[in-house]
Amino acid sequence: MISASETISRNIKRIRQERNLTLDDLAILTGVSKSMLSEIERCTKSPTISVLEKVCDGINVPLAQLTHTETPQVSISTNDTIKHYSAWDGFELFVLFEFDPNKKFEIFRHVIAPHSERVSERHESGIREYIICTKGVFSVQVEDKTFHLQEGEAIQFLANCKHKYLNLTNQDVNIVMLLYHE
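Everything quoted here is computed from the prediction, not taken from an experiment.

Chemist: Kindly report on the overall build of the protein chain, identifying the contributing residues and their values.
Modeler: Scanning the protein chain from terminus to terminus reveals five helices and 10 strands. Relative to its length of 182 residues, the protein chain is extended, with a C-alpha radius of gyration of 26 Å against a globular reference of 16 Å. Overall size of the protein chain, expressed as C-alpha extent along the three principal axes, is 75 × 35 × 25 Å. The buried share among the 182 residues of the protein chain stands at 37%. The long-range fraction of contacts in the protein chain, counting pairs at least 24 apart against all pairs at least 6 apart in sequence, stands at 60%.

Have a look at this one:
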């Protein structure tokens with residue numbers, strides 16, 4: 001966990017850089033000396049409340065914005081929470097991350113039974129598929145061309161065309177698919 005002084009120093013520096021301000025510019029706006037601001041940003045000096053008030057007034061931000069610590073948002077898909085579908089004969093579908101309109105993507109895992117195939121009709125314009133073969137040999141036909149992916153290999157294509165997923169082998173194939181909505 002980082003200290004309050006380090007949080008403040010990071011936030012002041014970030015805001016200054018986002019606004020394309022030099023330390024000289026910041027000193028003029030806030031009335032705090034350039035050397036003091038430099039020491040605060042390098043976390044070699046802790047600012048007093050009165051210095052923080054000057055900085056906040058000068059760059060027009062609330063004190064809470066300087067003391068705010070961003071915590072990473074973490075989400076995890078576990079075997080207990082993943083949605084599972086047997087939507088097509090020979091294809092098991094696991095929804096790892098559902099479509100999020102803000103992020104514009106969704107991620108699936110497929111287990112494809114031996115000698116199975118599924119034709120996928122054209123997706124709406126602007127959807128790109130990214131597929132990673134994680135087990136076995138996976139084949140995908142895009143229009144009239146077939147591509148064979150070994151374990152660890154990947155393919156991406158604009159999915160507004162006819163395409164087909166194939167397992168031509170005698171063993172299960174596992175793939176991870178990301179659909180990106182451009």
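Chemist: With reference to specific residues and values, describe the nonpolar core.
Modeler: Counting residues in hydrophobic clusters, the biggest one holds 21 residues, and the most contacted among them are Ile-131, Phe-138, Val-140, Phe-157, Tyr-165, Ile-175 and Met-177. For this core, the secondary-structure elements that each account for two or more residues are strand 2 (91-100), strand 3 (105-112), strand 5 (127-135), strand 6 (138-142), strand 8 (154-158) and strand 10 (173-181). Leaving out residues up to four positions away in the same chain, Val-140 has contacts with Lys-145, Thr-146, Phe-147, Ile-155, Phe-157, Lys-164 and Tyr-165.

Chemist: I'd like a rundown of the packing of aromatic side chains, residues and numbers included.
Modeler: Geometry of an aromatic ring pair is reported as the spacing of the ring centres plus the angle between the planes. Under the defined criterion, the tally for this structure stands at one aromatic pair. Ring geometry for Phe-138 versus Tyr-165: centroids 6.4 Å apart, planes at 25 degrees, classification stacked. Of this pair, Phe-138 sits in strand 6 while Tyr-165 sits in strand 9 (residues 163-167); the two residues are 27 residues apart in sequence, bridging distant segments of the chain. Considered together, Phe-138 and Tyr-165 belong to a single accessibility category, that of buried residues. If you follow Arg-109 out to its NZ or CZ, it ends over the ring of Phe-94, 4.1 Å from the centre. Just above the ring of Trp-88 sits the side chain of Arg-118; from NZ or CZ to the centre is 3.6 Å.

Chemist: Can you tell me about the side chain of Lys-164, naming the residues and giving the values?
Modeler: By the element assignment, Lys-164 lies in strand 9. Side-chain polar atoms of Lys-164 contact the side chain of Glu-117, separated by 3.4 Å. In this structure, Lys-164 is in contact with Glu-117, Arg-118, Val-119, Ser-139, Val-140 and Gln-141, ignoring residues within four places of it in sequence.

Chemist: If you had to explain the sheet that holds strand 3 to someone new, which residues and values would you point to?
Modeler: If you trace the six strands from one edge of the open sheet to the other, you get 1-2-3-10-5-8, paired in antiparallel fashion. Of all strands in the sheet, those bounded by a partner on one side alone are strand 1 (83-88) and strand 8. Neighbour to neighbour, the strand axes of the sheet diverge by 25 degrees on average, direction disregarded.

Chemist: An account of the sheet that holds strand 4 (residues 116-120) is needed here, citing residue identities and associated values.
Modeler: Reading across the sheet, the four strands line up as 4-9-6-7 and stay open at both edges, with antiparallel pairing between neighbours. Two strands bound the open sheet, and with one partner strand each, they are strand 4 and strand 7 (145-149). Taken pair by pair, the neighbouring strands of this sheet meet at an average axis angle of 15 degrees, ignoring direction. The sheet contact formed by strand 6 and strand 9 spans four bridges and is antiparallel. Its bridge partner being in strand 9, Val-142 is matched across the sheet by His-163.

Chemist: Explain helix 4 (residues 49-59) residue by residue, including any values.
Modeler: Restricting attention to buried positions, one finds in helix 4 the residues Val-51, Leu-52, Val-55, Cys-56, Gly-58 and Ile-59. Along the axis of helix 4, the buried positions cluster into a sector of 165 degrees, meaning they face one direction only. Exposed residues lying more than 90 degrees from the buried face of helix 4 are Ile-49 and Asp-57. The elements touched by buried residues of helix 4 are helix 1 (4-18), helix 2 (23-30), helix 3 (34-41) and helix 5 (63-67).

Reading guide: rules and limits
- Residues numbered from 1 in each chain as written.
- Predicted model: local features only at pLDDT ≥ 70, side-chain atom pairs only at ≥ 80, totals over all residues.
- Heavy atoms only, no water.
- Helix = DSSP H or I, 4+ residues; strand = E, 2+ residues; numbered from the N terminus.
- Rg over C-alpha atoms; globule rule 2.2 N^0.38 Å.
- Buried < 20%, exposed > 50% of the residue type's maximum accessible area, 1.4 Å probe, protein only.
- Contact = heavy atoms within 4.5 Å.
- Core = buried A, V, L, I, M, F, W, Y, C linked by side-chain atoms within 4.5 Å.
- Phe/Tyr/Trp six-rings, centres within 6.5 Å; stacked < 30°, edge-to-face > 60°.
- Lys NZ or Arg CZ within 6 Å of the ring centre and 35° of its normal.
- Polar contact = N/O pair within 3.5 Å; in protein donor to acceptor, adjacent residues only side chain to side chain.
- Pairing = 2+ DSSP bridges.
- Axes fitted to C-alpha atoms, helices over the stretch in contact; angles between N-to-C directions.
- Arc of directions from axis to C-beta.

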